[in-house]
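Structural characterization, general
Residues per chain are reported as follows:
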Amino acid sequence: MIQSDLDLFGPQPQRLASHTVLLPGFALGEVEALLDALRPVLRAAPLRHMHTPGGLRMAVGLSNCGALGWISDEQGYRYSPVDPLSGQPWPDLPPVLQALAARAAALAGFDGFLADACLINHYLPGTRLSLHQDRDERDYDQPIVSISLGLPAVFLFGGLQRSAQSRRIPLTHGDVLVWGGEDRLRFHGVLPIKPGVHPRLGERRINLTLRKAG
Ligand code: MD3
Ligand code: FE
C-alpha cells in the first residue's frame with residue numbers, strides 16, 4: 001500500500017442511476033448543527049405513528065418541518081400546512097437543513113432546489129419501510145434529498161414498476177442521497193434496521209427527506 005492508495009478526501013459521489021447520486025458522508029461535518037436544529041422541531045412537533053388510509057399503524061415514527069408536512073390518515077396521504085396533533089403550522093425548516101439540501105442537489109445536477117417540506121422518519125431496530133413511490137408532491141420535476149443519521153440501513157432501490165428487481169444500497173450515518181428526473185418515481189423502501197447502537201444517536205436511525213411539495 002502506498003500513500004496514493006489512501007482516499008484522503010473521503011469517498012466520492014456515486015451515481016446509482018441516471019438521475020440518482022449518493023454523496024457518502026456529505027452531512028458528516030454538519031451532524032451537530034442538524035441535531036441542534038432538530039431538537040426544537042421535535043419538541044414542537046413530536047414524532048408520532050401515523051395510520052395508513054387502510055387503518056394500519058406505520059412502524060416508522062414521523063414528524064415534519066417546513067411550510068408543508070406529509071401526513072397519512074383514514075382520508076389518505078397528503079401534504080398539510082398544519083400539524084394535526086397541535087393544530088398549528090409545522091415548525092420552520094431550519095436554514096442549515098435547507099442549505100445542505102440545496103448544496104447536495106446542486107452537486108447532483110439540480111440547481112436552485114428550494115425545499116418547502118422536510119419529512120423526519122424515525123426507525124428503531126427492526127423497523128422497515130415497505131416498497132412505495134413518492135407521489136404526493138405537486139411537481140415530479142423537483143428532486144428529493146435524503147439525509148441518513150444514526151444506525152445504518154439497507155435501502156431498496158427499485159424500478160418504475162413494483163415488480164422490478166430492487167438493488168440493495170447501504171446507507172450510513174451522514175450519507176446524502178439525491179434523486180430526480182427519470183428516477184423520481186422509482187419504487188423504494190428500507191429493510192428492517194439491524195439491532196445496534198450508534199455512537200452518536202444510540203438505537204435509532206433518523207432519515208430526513210427534503211422535498212418541494214407545493
Ligand atoms: C429513490 N424514506 O420518506 S429516503 C420516504 O430512509 C422514504 O426513510 C426512506 O422513502 C428513508 O418516503 C428512503 C431515500 C429515497 C426516498 C425516495 C426515493 C430514495 C428514493 C424515490 C425514488 C428513488
Ligand atoms: Fe419514499
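To keep things clear, this report deals only with the structure shown in the data block. Here the structure is a predicted model, which means the values were calculated and not measured. Per chain, residues are indexed from 1 in the order of the written sequence. Chain A is the first chain written and ligand 1 is the first ligand written, with later ones labelled in order. Note on the predicted model: pLDDT of at least 70 is required for a residue's local features to be given, and 80 or more for side-chain atom pairs to be given and counted; whole-chain, interface and lining totals, by contrast, use all residues. Side-chain measures here rest on the full set of heavy atoms in the structure, leaving out hydrogens and waters.

Next up on the list: the sheet that holds strand S3 (residues 61-65). Two strands pair if DSSP finds at least two bridges between them. Helical segments are the DSSP runs of H or I of at least four residues, strand segments are the runs of E of at least two, and each set is numbered from the N terminus. With antiparallel pairing, the seven strands of this open sheet are ordered in space as S1-S2-S11-S8-S13-S6-S3. In the strand order of this sheet, the two ends are held by strand S1 (14-17) and S3, each with one partner. Sheet twist, expressed as the mean angle between neighbouring strand axes with direction ignored, is 20°. The axes are straight lines fitted to the C-alpha atoms, using for helices just the contacting stretch, and the angles between their N-to-C directions are given from 0 to 180°.

You can see alanine 164 is positioned in the loop between strand S9 (153-157) and strand S10 (167-171). Through-space distance from the C-alpha of alanine 164 to that of phenylalanine 187 is 8.6 Å; in sequence the pair is 23 residues apart.

It is worth spelling out the site of ligand 1 at this point. Not every one of the 20 residues close to ligand 1 is listed here, only the nearest: Tyr123, Phe155, Trp179, His188 and Arg205. By the criterion applied in these results, polar contacts are pairs of N or O atoms within 3.5 Å in which, for protein atoms, one can donate a hydrogen and the other can accept it, and in which residues neighboring in sequence qualify only through two side-chain atoms. Between ligand 1 and the protein, one listed contact pairs an oxygen atom with a side-chain N or O atom of histidine 132 at 3.2 Å. Taken by itself ligand 1 offers 500 Å² of open surface, and the protein chains cover 97% of this. Residue assignment for the shell around ligand 1 shows that the elements contributing at least two residues are strand S6 (117-123), strand S7 (129-132), S9, strand S11 (176-179), strand S12 (188-190) and strand S13 (205-211). A per-element tally of the shell around ligand 1 places S13 first, with four residues. Residues are grouped as follows: Ala, Val, Leu, Ile, Met, Phe, Trp, Tyr, Cys and Pro are nonpolar; Asp, Glu, Lys and Arg are charged; every other residue, Gly included, is polar. Counted by class, the shell around ligand 1 contains eight nonpolar, six polar and six charged residues. In this text, near means that some heavy atom of the residue lies within 4 Å of the molecule or strand in question. Surface exposure here means Shrake-Rupley accessible area, sampled with a 1.4 Å probe, where a residue is shielded only by the protein chains that are shown.

Time to look at the coordination of the iron ion (ligand 2). The donor set comprises N, O and S atoms within 2.8 Å of the metal, extended to 3.2 Å for Na, K and Ca; water molecules are omitted, so apparent gaps in a site may simply reflect that omission. Distances from the iron ion (ligand 2) to its protein donors, His132 (NE2), Asp134 (OD) and His188 (NE2), fall at 2.0 to 2.2 Å. Considered as a linear motif, the donors of the iron ion (ligand 2) on their single chain read H-x1-D-x53-H. Here histidine 188 lies in strand S12 and histidine 132 lies in strand S7, a separation of 56 residues in the sequence.

Ring pairs shown here join Phe, Tyr and Trp side chains whose ring centres sit within 6.5 Å, with only the six-membered ring taken for Trp; geometry is labelled stacked below 30 degrees between planes, edge-to-face above 60, and tilted in between. If you walk through the whole model with that rule in mind, you get two aromatic pairs. Measuring from ring centre to ring centre gives 5.5 Å for tryptophan 70 and tyrosine 77, while their planes differ by 20°; the resulting arrangement is stacked. For the exposure calls, accessible area comes from a 1.4 Å probe over protein chains only, and a residue counts as buried if that area is under 20% of its type's maximum, exposed if over 50%, partly exposed in between. You can call tyrosine 77 partly exposed: its relative accessible area is 43%. A centroid spacing of 6.2 Å and a plane angle of 35° characterise the contact between phenylalanine 155 and phenylalanine 157, whose relative ring orientation is tilted. Here phenylalanine 155 and phenylalanine 157 have matching classes, each one buried. Think of it as a cone above the ring: NZ of Lys or CZ of Arg counts as a charge over the ring if it is within 6 Å of the ring centre and within 35 degrees of the ring normal. The cationic tip of arginine 205 hangs over the ring face of tyrosine 123; the distance from NZ or CZ to the ring centre is 5.0 Å.

What follows is about the pairing of S3. With five of five residues buried, S3 is to be regarded as a mostly interior element. Where burial is concerned, the two faces of S3 agree: the one with Gly61, Ser63 and Cys65 and the one with Leu62 and Asn64 are both buried.

Salt bridge criterion: a side-chain nitrogen from Lys or Arg within 4 Å of a carboxyl oxygen from Asp or Glu. Enumeration according to the criterion identifies ten salt bridges in this entry. Across the pair aspartate 83 and arginine 48 runs a salt bridge, and its minimum N-O distance is 2.9 Å. On the criterion of sequence distance, the pair formed by aspartate 83 in the loop between strand S5 (76-80) and helix H2 (95-107) and arginine 48 in the loop between helix H1 (31-44) and S3 is long-range, its members being 35 residues apart. The class for aspartate 83 is buried, based on a relative accessible area of 1%. Aspartate 73 is the partner of arginine 78 in a salt bridge, and the nearest nitrogen-oxygen pair spans 2.8 Å.

Function cannot be read off these values alone, since they describe shape.
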